[in-house]
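Descriptive analysis of the structure
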Amino acid sequence: MAYRTEHDSMGEIRVPVDARYGAQTQRAVENFQFSQRRMPLNFIYRLALIKASAARANQQLGLISEQVANAIVRACESVVAGEQDDQFPVDVFQTGSGTSTNMNMNEVLASLASESLGEPVHPNDIVNMSQSSNDVIPSAIHVSASLDIELDLIPATERLQAAITAKGKELGNIVKTGRTHLMDAMPLTFGQELSGWAWQVEETRDRLGDLLKRLRALPLGGTAIGTGVNCDPAFPGLAVSTLNEMCDAQFSISKNSFSRMAGQENAVECASCLKALAVTLMKVSNDLRWMSSGPLAGLGEIELKPLQPGSSIMPGKVNPVIPEAVTMVCAEIIGNDATVTVGAQSGNFQLNVMLPIIAEKLLSGIMLLARASDAIADTITGFSVNKSRINEILDRNPILVTGLNTRIGYEKAAVIAKRAYAEGRPVIDVALEETDLSEADLKGLMDPAKLAHPGQQSDEPDN
């Protein structure tokens, strides 16, 4: 590999000759070789948008010329378009402020702008003007998380809820055996069961929506420690106004930059909201796995769309691969929550020093959950119901005797249930032998459809 010599405040260093970045990025590449994980590209793109907004603000304040601002903005557009993805090699595990990533961006933009103008543009003095890593990186976390939630995750949860609701309507009033403690319980309809899933998703989306107003408040302009040193007081408002135009968003300046730079409670709240959605998806995925288990020795209530062979040795086996994959996504998100929580505790005095890992965990989690939501939506849309199996289980469910409680009492009903289960007989047959109630009366009292809708009036006359 060919190299060129670059220098910074620490002296000279060799940099790959074709690299757009400079000395500080190269030092970071050499210092931080912990993993092959880089900062999420969405974070890089949103950081570039902030840099473009800063350039326009500095231009409006008369601090840089229009030509220089235009060159920086063009460079930012190139980054956002994905044309410079290979120019951001810094490891996630780096300096806790994210300074290495900020300088990586400054150097790439300075290189591109210098080439465009035909004259040097300094990465610190010009591209980083009115900024510090300490306010820009937390701002980029907030911008990235809020945009990814608004543009990707919330729409994915809306699609998921719509798929659940549509499936619930499609299955209508098909009655099935309910289960508590994984044991047979009172009957309910598929529509009722799926309505629970839909409501869980809706409430999680409400939490995300409520979080957005806090994520949109940025500490931009706080610079080094929140005081705004080396920053014109008008800069934050101008920069955020331009950022809103670029993103078609509603960002604002935080009322207190110190809290947003040293504290990361909003990141913790975001991670918790993501965890809540993960818990919901885990529940839905496991329900689908149980309902489709078998098909002979399990519940066998539904059949998932077959996607691939399920075994390398057992011919014909098909497994619930999407729900299984989604549960692993959920495990990742739950672990991310712990990482973000620990990271947020590292706000020492005026700066948090685990910002890069907080950014990676939040943004990767949002992306994973959006894809997982769509995958589960497709799974729900594609499953079919095994009505004969459902009716067979329902007819033999001893818990239907609960409908007799008000007529014969709990203890007598328990005797019937236990005998029906022990003898493997339909509960109504045993009830005919154990009570003086007529068959018609027993059918009415233990009708699964009526038990699933206890508050509704029956269309049949009383017996």
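Scroll up to find the structure.
Below is a summary of the structure that appears in this document. As the structure is a prediction and not an experimental result, all values here were calculated from the model.

Below, the discussion takes up helix α16 (residues 427-434). Those residues of α16 lying buried are Val-427, Ile-428, Val-430 and Ala-431. Mapping the buried residues of α16 onto a view down its axis gives an arc of 160 degrees, with all of them on the same face. Where α16 is buried, its residues contact α13 (387-395), α15 (410-423) and α17 (439-445).

With an omega dihedral of 5 degrees, the bond running from Gly-294 to Pro-295 counts as a cis peptide bond. In this fold, Pro-295 is placed in the loop between α10 (265-291) and β7 (302-303). Notably, His-181 is not glycine yet its phi reads approximately 60 degrees, a positive angle. Along the polypeptide, His-181 turns up in the loop between β3 (175-180) and β4 (183-189). You can call His-181 exposed: its relative accessible area is 77%.

Next up on the list: the side chain of Ser-97. Looking at the element boundaries, Ser-97 is found in the loop between α3 (66-80) and α4 (99-117). Among the residues examined, Ser-97 registers a relative accessible area of 6% and is labelled buried. Apart from the residues lying within four places of it in its own chain, the contact partners of Ser-97 are Ser-133, Asn-134, Ile-137, Leu-351, Asn-352, Val-353 and Leu-355.

Right, let's talk about the pattern of salt bridges for a bit. Under the definition given, this model contains 26 salt bridges. Here Arg-20 ties to Glu-115 by a salt bridge, and the two come within 2.5 Å at their closest N and O atoms. Pair noted here: Arg-20 is in the loop between β2 (11-16) and α1 (23-31) and Glu-115 is in helix α4, with a separation of 95 residues, a long-range link. Looking at Arg-20, the relative accessible area reads 24%, which means it is partly exposed. Taking the relative accessible area as the measure of exposure, Glu-115 reaches 55% and is therefore exposed. Across the salt bridge formed by Asp-441 and Arg-407, the nearest N and O atoms sit 2.8 Å from each other. Placement of the pair is Asp-441 in helix α17 and Arg-407 in helix α14 (residues 405-408), with a sequence separation of 34 residues. One continuous salt-bridge network, built from bridges that share partners, spans Lys-412, Arg-419, Glu-423, Arg-425, Glu-433 and Glu-434.

Reading the values: rules and limits
Residues numbered from 1 in each chain as written. Predicted model: local features only at pLDDT ≥ 70, side-chain atom pairs only at ≥ 80, totals over all residues. Heavy atoms only, no water. Buried < 20%, exposed > 50% of the residue type's maximum accessible area, 1.4 Å probe, protein only. Helix = DSSP H or I, 4+ residues; strand = E, 2+ residues; numbered from the N terminus. Arc of directions from axis to C-beta. Contact = heavy atoms within 4.5 Å. Salt bridge = Lys/Arg side-chain N within 4 Å of Asp/Glu carboxyl O.

In short, the description is geometric, and any link to function would need to be established separately.
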